[in-house]
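Now for the letters of each chain:
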Amino acid sequence: MSELKVRTFLKSLRRVIRQATLYPVGHPAVQEALHTAEFDLEDMVGDIGDMTLIIHDSALYRDRGLLPHASLEFEGMMREMEKRAIESVTLLSPTSRDDIYDFGAFIAGISDDLPADGTVRLNERTFSDMELDNSPLANLRRSYASSVDAVRTATRSLARGEGFEINTVVRAVESLTDSAMASPGAALLLSTVKSHDEYTYFHSVNTSILALALGRIVGLDKNDLLPIGMGSLLHDIGKVAVPPETLQHPGRLDDEQWREIQLHPQEGAQAIMAAQGPGHELAATIAFEHHARFDGKGYPAVSRERQPHVFSRLVAVCDTYDAITTRRSYRRAETPNRALRVLLTGMGGHYDPDLVRVFIKMMGVYPTGSILRNTSGEMLMVAPHEGGQADELPGFLVRTSGGELLEVPEPKPIVMDGVVEQVLPADAGFDPAAYLEYAA
Ligand SMILES: [Fe+2]
């Protein structure tokens, strides 16, 4: 059974919860949401019968297997479930529509309990945490999710005018560093995950993965990687002080908006300094300098004689790369290739030329997760590789020349001579990171 079906069901469950909060059970909007949820649930369980969904450590599992994408996508709903002390949900087949409603109403806080003999049972799983998927890739997925969570939590408490708890960030960075070290290629592939709704959090984690990878390649040790991981994870945290209209403003910013934007490095650095904790000073330096340029321009204005700290220069390269490859409300995403070209152009001006060179070598001409179309019209995804230049890259056939999207991709080397173009995930109609478990 594909994860897609679980995600489809969870989406319709989320709709049930929303409608149940707004309207009484007999309302057509609630009934329609229930109808869809019932259909999607049926489609999800198919002929496998009973199924258990488990929430553990900010991740979602179907029986023992991790649901990588759903864990990130349904974070809000998982949190609501955790508030209701739900650790697992067993759906007995066939699940009744009334029980789906009761379950939704329970998550929404409308009802206080579920019928004990219903077809939806809470906290009745039959195996332990130890039996859940514990592979390196599952650990990597979990570290990703907890890093997203750490930035989200820190940002929200800053937005409430409170300081943030730095230890959560430290733990997230340590676990991200460990799992990225254990599977470096997979980590780079996972860094292609994007979220339109939570752009800043996902962008921060992606920047962090790239910065940790680059830091490791230039020979930094774990003591240095901690502040780099923290600084990159928190580099944009000062944006809480910038009005959202300014952040999402399409076109040119006026002087006032530009002044507001330019304050975010300083705001972020102050918040990190106030939070204290291991490595906080360097992390604050990174946040302060991530828009300062190699040639001394950029903001905030630093002296021409003093270049930004090498860690800040390193994060600036990774920040730019991920920002360019991500779609925003005001512009489309660019291909990895195009992002590398922007870095090349900015060598010596915006960016440290040595670091750009190492970064480009690390990513290769077609970075891991790139989607390429070949002369036969097939779409192939670049699997984790060594970087640099090669005539052939490891890859996977994901979309056939006839346009069929393969649920299980077929290993297929990518011959550089046969590459026609690089395709954006939005145009390819699939998310490279969703294939992590096959490609890595
Ligand atoms: Fe920034």
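Residues numbered from 1 in each chain as written. Predicted model: local features only at pLDDT ≥ 70, side-chain atom pairs only at ≥ 80, totals over all residues.

Colleague: Would you mind showing me how to read the overall build of the protein here?
Modeller: Broken down by element type, the protein carries 19 helices and 12 strands. For 440 residues, the compact-globule estimate of 2.2 N^0.38 gives 22 Å, and the C-alpha radius of gyration of the protein, at 23 Å, lies within 12% of that figure. Overall size of the protein, expressed as C-alpha extent along the three principal axes, is 75 × 55 × 45 Å. Of all 440 residues assigned to the protein, the portion counted as buried reaches 44%. Sequence separation of at least 24 residues holds for 66% of the intrachain contacts in the protein that already meet a minimum separation of 6. (Helix = DSSP H or I, 4+ residues; strand = E, 2+ residues; numbered from the N terminus. Rg over C-alpha atoms; globule rule 2.2 N^0.38 Å. Buried ≥ 20, exposed ≤ 12 C-beta atoms within 10 Å, placed from the backbone. Contact = placed C-beta atoms within 7 Å.)

Colleague: What should I look at first to understand the domain arrangement of the protein in this one?
Modeller: Many descriptions give the size of an interface as the accessible area lost when the pieces come together. Each domain of the protein was delimited in the assignment, giving domain 1 (3-131), domain 2 (147-363) and domain 3 (371-439). Taking only C-alpha atoms, the centre of domain 1 and the centre of domain 2 are 36 Å apart. (Domains from an automatic or database assignment.)

Colleague: Help me out: how do you make sense of helix α5 (residues 97-107) in this one?
Modeller: Three- or four-residue spacings in an α-helix give side chains the same orientation, since the helix completes a turn every 3.6 residues. Listed as buried for α5 are Ile-100, Tyr-101, Asp-102, Phe-103, Gly-104, Phe-106 and Ile-107. Considering only its buried residues, α5 is in contact with α1 (3-22), α2 (28-45), α4 (75-83) and β5 (120-122). Gly-109 sits one or two positions beyond α5 and adopts a positive phi of about 85°.

Colleague: Explanation requested: the sheet that holds strand β3 (residues 65-66) in the structure shown.
Modeller: Across a sheet, strands are paired by hydrogen bonds formed along the backbone, either parallel or antiparallel in direction. The strand order across the open sheet formed by five strands is β3-β2-β1-β4-β5, and the pairing between neighbours is antiparallel. Edge strands, defined here as strands with exactly one partner in the open sheet, are β3 and β5. Here strand β1 (residues 51-56) pairs with strand β4 (residues 88-91) via four bridges, running antiparallel. By the bridge assignment for β4, Leu-53 is matched with Val-89. (Pairing = 2+ DSSP bridges.)

Colleague: What should I look at first to understand the pairing of strand β9 (residues 395-399) in this one?
Modeller: Within a regular beta strand, the side chains point alternately toward one face of the sheet and then the other, so they alternate between its two faces. Counting buried residues along β9, four of its five residues qualify, which places the element largely inside the surrounding structure. In the sheet, strand β7 (residues 379-382) pairs with β9 via four bridges, with the strands oriented antiparallel. Its bridge partner being in β9, Met-379 is matched across the sheet by Arg-399. Linkage of β9 to strand β10 (residues 405-411), two consecutive antiparallel strands, is achieved through a turn of five residues, within which Gly-403 is found at a positive phi near 95°.

Colleague: Where do I start with the sheet that holds strand β12 (residues 419-423) in this structure?
Modeller: Judged by pairing direction, the sheet is antiparallel, and its five strands sit side by side in the order β10-β9-β7-β6-β12 without closing on themselves. Each edge of the open sheet carries a strand with a single partner, namely β10 and β12. Neighbour-to-neighbour, the strand axes of this sheet turn through a mean angle of 35°, independent of strand direction. (Axes fitted to C-alpha atoms, helices over the stretch in contact; angles between N-to-C directions.)

Colleague: Mind showing me how you'd approach the pairing of strand β2 (residues 59-62) here?
Modeller: Bridge analysis of β1 against β2 gives four bridges, and the strand direction is antiparallel. Along β2, the bridge assignment pairs Ile-54 with Tyr-61. Turn length for the β1-β2 hairpin, with the two strands adjacent in sequence and antiparallel, is two residues, and the turn residue Asp-57 shows positive phi of about 55°. Counting the residues in the hairpin turn of β2 and β3 gives two residues, including Asp-63, whose phi is positive at 50°.

Colleague: Even after reading the chapter, I still don't get the packing of helix α9 (residues 199-217) against helix α10 (residues 222-233), so can you show me in this structure?
Modeller: The interhelical angle for the contact between α9 and α10, taken along N-to-C directions, is 155°, at an axis separation of 8 Å. The angle between α9 and α10 places the two elements in the roughly antiparallel class. Crossing angle aside, the handedness with which α9 passes α10 is right-handed. Between α9, through Ser-204, Val-205, Thr-207, Ser-208, Ala-211, Leu-212, Gly-215 and Arg-216, and α10, the contact on the second element is made entirely by Asp-224, Leu-225, Ile-228, Gly-229, Ser-232 and Leu-233. (Parallel < 35°, antiparallel > 145°, perpendicular 65-115°, else oblique. Left-handed = near helix turned anticlockwise from the far one by under 90°.)

Colleague: What is the right way to look at the environment of His-35 in this model?
Modeller: Tracing the chain through its elements places His-35 in helix α2. Here the alpha-carbon distance between His-35 and Val-382, two residues 347 residues apart in the chain, equals 40 Å.

Colleague: For this particular structure, what's the right way to read unusual backbone geometry?
Modeller: Peptide bonds are mostly trans, and most non-glycine residues show a negative phi. Here the residue pair Ser-93 and Pro-94 is connected by a cis peptide bond, since its omega of -10° sits within 30 degrees of zero. Position of Pro-94 relative to the elements: it lies in the loop between β4 and α5. That bond from Tyr-299 to Pro-300 is cis: its omega, -10°, falls within 30 degrees of zero. Relative to the assigned elements, Pro-300 resides in the loop between α14 (280-289) and α15 (310-324). Positive phi values are uncommon outside glycine, yet Asp-63 reaches one of about 50°. Here Asp-63 lies in the loop between β2 and β3. Its 18 C-beta neighbours within 10 Å are what place Asp-63 among the partly exposed residues. At Asn-123, a residue that is not glycine, the phi angle is positive and equals roughly 50°. Note on placement: Asn-123 falls in the loop between β5 and α6 (136-159). Here Asn-123 falls in the exposed class, since 11 other C-beta atoms lie within 10 Å of it.

Colleague: Honestly, the nonpolar core in this entry has me stumped. Any pointers?
Modeller: One broad rule of soluble globular proteins: the nonpolar side chains tend to lie buried together. One finds Val-169, Leu-190, Ile-209, Leu-234 and Val-317 to be the most contacted residues of the largest nonpolar core, which totals 119 residues. The contact partners of Val-317, leaving out residues within four places of it in the chain, are Leu-343, Tyr-351, Leu-355, Val-356 and Phe-359. (Core = buried A, V, L, I, M, F, W, Y, C linked by C-beta atoms within 7 Å.)

Colleague: What am I meant to see in the packing of α10 against α15 here?
Modeller: Helices that pack against each other are described as a pair by the angle of their axes relative to one another and the distance between those axes. The N-to-C vectors of α10 and α15 enclose an angle of 50°; their axes lie 10 Å apart at closest approach. Of the possible angle classes, the one that applies to α10 and α15 is oblique. α10 and α15 meet at a crossing whose hand is right-handed. When α10 is examined against α15, the residues Pro-227, Ile-228, Gly-231 and Ser-232 are found in contact with a partner set consisting of Phe-311, Leu-314, Val-315 and Cys-318. Of the residues belonging to the contact of α10 with α15, the class tally is six nonpolar, two polar and no charged. (Nonpolar A, V, L, I, M, F, W, Y, C, P; charged D, E, K, R; others polar.)

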